[in-house]
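Coordinate analysis (summary)
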Amino acid sequence: MKKKVLSMVLAASMMAAALVGCGGGETAPAATTEPAAEAPAADAEAPAADEAAPAAATGKKVGVSMPTKDLQRWNQDGANMQAQLEAAGYEVDLQYASNQEETQVSQIENMINSGCSVLVIAAIEANSLSTVLEGAKSAGIPVIAYDRLIMNTDAINYYATFDNYKVGATQAQYIIDTLDLDNAAGPFNMEVTAGDPGDNNAPFFYNGAMETLQPYIDAGKIVIPSGQVDFATVGTAKWSTENAQSRMENILSSNYADGTQLDICLCSNDSTSLGVQNALAANYTGNYPIVTGQDCDIANVKNMIAGKQSMSVFKDTRTLAAQVVKMVGQILSGEEVEVNDTTTYDNGTGVIPSFLCEPVFADVNNYKELLIDSGYYTEADLQ
Ligand code: BGC
C-alpha cells in the first residue's frame with residue numbers, strides 16, 4: 001500500500017532549497033577518473049515510474065554521490081540516475097568516491113557549495129557523513145539516501161532502496177526450496193558470508209536470510225561446521241571479493257580439507273559470492289554447493305550460466321533511479337513525496353520515510369526474461 005507523507009519541516013526546507021538551488025549556476029565539476037568495473041551501457045529507459053517527474057527541473061542541479069566505480073552496480077546506478085535526471089531537465093553533478101570516505105565527504109561539500117538543489121547519496125560508510133550533511137541541512141538542501149541508509153543524522157529527508165530484508169529472505173527461500181528442507185532430514189553443511197558492517201543494508205540482508213533459515217538450523221537440518229555465524233564474524237569489509245575469498249579459504253582448509261561435504265554457501269551479494277566461488281575453485285573438490293548472490297552483476301550471471309553460482313537477486317537499478325528522479329521532482333515542486341514504508345528504517349534520529357522497490361529472484365532458468373528481454377543486458381554482455 002502506498003502512503004503519502006508530507007512533512008511541514010521538509011516543506012520549509014524545500015522552499016529554502018529552491019531558493020538556494022535557483023542561485024547556483026556553476027558548472028558541475030568533472031566526474032572522477034576512477035577506473036570503472038565491467039559495466040554495460042545501462043539502458044536509461046526507465047520502465048517503472050508510473051508518472052513522469054514533475055516539471056520542477058529548470059535550472060536545478062542535482063548532486064549524485066556514488067561510492068565507487070569498482071563494483072558494476074554503482075556504475076549502472078550512476079549512469080541511470082544521470083540519464084534520467086538529464087532527461088527530466090536537471091543539471092547533474094555525478095561523483096564517484098573510490099570507496100574513500102574522505103573523498104565522498106569532500107565531493108558532497110563541493111556539491112553543497114556549488115549550488116545543488118538536492119543531494120542523492122549512496123554512502124560508503126553509514127556513519128561518516130553526519131558532519132558534512134549538517135552543512136546541507138543548514139543550507140536547506142534536501143538529502144535522499146540512495147540504496148543505503150545514512151545513519152545518525154537528521155539531515156536525511158527520504159530513503160529509496162530495495163526491500164533489503166526481502167533480498168536475504170529470497171536467498172534463504174531458494175536454499176529451502178532447492179534442498180527441500182521441509183522434507184529432507186539433512187543435516188546440510190552451510191557457511192555464511194555477509195556484507196560490509198559499515199553498510200546499513202548488510203544486517204538487513206543477513207537477518208532476512210538467517211531468520212528465514214533459523215527454524216531449519218534449530219531443527220538440526222542446517223549446521224555450520226566453522227561455527228562462524230554471528231554477523232560480526234561473517235561480515236566482509238567493503239564488500240571485497242578478496243576479503244571474502246581469503247576468509248573462505250581459511251574456512252575450507254580448517255573444516256573441509258578432510259572431505260567434509262559443503263552444501264550451502266550463503267553469500268549476501270555478488271562481489272562476496274565471487275570471492276567464495278574463487279575459494280571453492282582452488283580449495284574444494286566435493287560436490288559443488290548451492291551458492292547465492294545479489295545484484296546480477298555480469299560476471300555472476302556468467303557464472304550462473306556456467307553452474308558456479310546458483311542464484312542471484314535482481315535489483316533493477318533503472319527502477320530505483322526512476323523512483324528517485326520522481327522523488328527529486330516531488331521535493332522540488334513541493335508536492336507530497338511518494339513513499340511506501342514509514343516504519344522500517346530508523347537512522348538513529350527517527351524513521352526515515354522510504355520507498356522500497358521489489359527485489360526479484362534470478363537463476364539460470366529466468367535470467368533471459370529478466371535481464372535480456374527487459375533490455376538490462378544484451379546477449380553479448382553475457383558472453
Ligand atoms: C547494495 C548491494 C551491493 C552492495 C555492495 C549494498 O549496499 O545494496 O546491492 O551488492 O552494497 O556494493
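Coordinates for the structure precede this section.
Residues numbered from 1 in each chain as written. Predicted model: local features only at pLDDT ≥ 70, side-chain atom pairs only at ≥ 80, totals over all residues. Heavy atoms only, no water.

1. What to know about empty space enclosed by the protein
Going by this rule: Any residue with an atom within 4 Å of a point lines the site, the site being either a cavity, points on a 1 Å grid over the protein atoms alone where a 1.4 Å probe fits but cannot get out, or a pocket, an open set with protein on both sides within 12 Å along at least 5 of 7 lines. Grid points are joined across faces, edges and corners, and a volume is the space filled by probe spheres set on the points. Secondary structure follows DSSP: runs of H or I at least 4 residues long count as helices, runs of E at least 2 residues long count as strands, and numbering of each begins at the N terminus. Residue classes follow a fixed rule: Ala, Val, Leu, Ile, Met, Phe, Trp, Tyr, Cys and Pro count as nonpolar, while Asp, Glu, Lys and Arg count as charged, and any other residue, Gly among them, counts as polar.
The full count for this structure, using the stated rule, is 2 cavities of 30 Å³ or more. The volume enclosed by the largest cavity comes to roughly 110 Å³. In terms of lining, the largest cavity is formed by 13 residues, of which the most central are Arg73, Trp74, Arg148, Trp239 and Asp295. Elements supplying a minimum of two residues to the lining of the largest cavity: helix 2 (72–87) and helix 6 (201–218). Of the residues belonging to the lining of the largest cavity, the class tally is 4 nonpolar, 3 polar and 6 charged. Looking at the second largest cavity, its volume works out to about 60 Å³. If you go around the second largest cavity, the residues you meet are Thr68, Leu71, Trp74, Asn99, Ile124, Arg148, Asp196, Lys238 and Trp239. A per-class count over the lining of the second largest cavity returns 4 nonpolar, 2 polar and 3 charged.

2. Topic: helix 6
The line we're drawing: The span one expects for a helix is its residue count, reduced by one, times 1.5 Å. Here the bend at a residue means the angle between the axes of two seven-residue stretches, the one that ends at it and the one that starts at it. Burial classes: relative accessible area under 20% of the type maximum marks a residue as buried, over 50% as exposed, and values in between as partly exposed (1.4 Å probe, protein chains only). Whether two residues are in contact is decided by their heavy atoms: any pair within 4.5 Å suffices.
With 18 residues, helix 6 extends 25 Å from end C-alpha to end C-alpha; this agrees with the ideal 26 Å at 1.5 Å per step. Along helix 6, the sharpest change in direction is near 35° and occurs at Thr212; proline Pro215 comes one to four residues later. Taken together, the buried positions of helix 6 are occupied by Asn201, Ala202, Phe204, Phe205, Tyr206, Gly208, Ala209, Met210, Leu213 and Tyr216. Lining the buried residues of helix 6 we find strand 6 (158–162), helix 5 (164–178), strand 7 (188–193), strand 8 (222–223), helix 7 (231–234) and strand 9 (264–267). Just beyond helix 6, the residue with positive phi is Gly220, at close to 80°.

3. What about the sheet that holds strand 10 (residues 290–291)?
The condition that has to hold: Note on pairing: two strands pair once DSSP finds at least 2 bridges between them. Under this scheme, a helix contributes an axis fitted over its contacting stretch, all axes are lines through C-alpha atoms, and angles between N-to-C directions fall in the 0 to 180 degree range.
Read across the sheet, 4 strands follow the order 8-7-9-10 without closing on themselves; strand pairing throughout is parallel. The strands lining the two open edges of the sheet, one partner per strand, are strand 8 and strand 10. Examined bridge by bridge, strand 7 and strand 8 share 2 bridges and lie parallel to one another. If you follow Phe188 over to strand 8, its bridge partner there is Ile222. Against the sheet, helix 6 touches strand 7, strand 8 and strand 9, its axis set at about 160° to strand 7. Helix 9 (residues 270–283) contacts strand 7, strand 9 and strand 10 of the sheet and is inclined by roughly 150° relative to strand 9.

4. Quick look at the site of the ligand
Threshold: One heavy atom within 4 Å of a molecule or strand is enough for the residue carrying it to be called near that molecule or strand. In the analysis that follows, any N or O atom pair within 3.5 Å is treated as a polar contact, provided that within protein one partner can donate a hydrogen and the other can accept it, and provided that, for residues neighboring in sequence, both atoms belong to side chains. The protein chains shown are the only cover counted for residues, whose accessible areas, like all others here, come from Shrake-Rupley with a 1.4 Å probe. What decides whether a molecule sits in a cavity or pocket is whether more than half of its atoms lie within 2 Å of the grid points.
Taken together, 13 residues form the shell around the ligand, and within it Arg73, Asp147, Arg148, Asp199 and Asp295 come nearest. Arg73 is positioned with one of its side-chain polar atoms (N or O) 2.8 Å from an oxygen atom of the ligand. Within the complex, the protein chains bury 100% of what would otherwise be the 310 Å² of accessible surface of the ligand. Put simply, the ligand lies in the largest cavity. Elements that contribute at least two residues to the shell around the ligand include exactly helix 2 and helix 6. Its residues assigned to classes, the shell around the ligand comprises 4 nonpolar, 3 polar and 6 charged.

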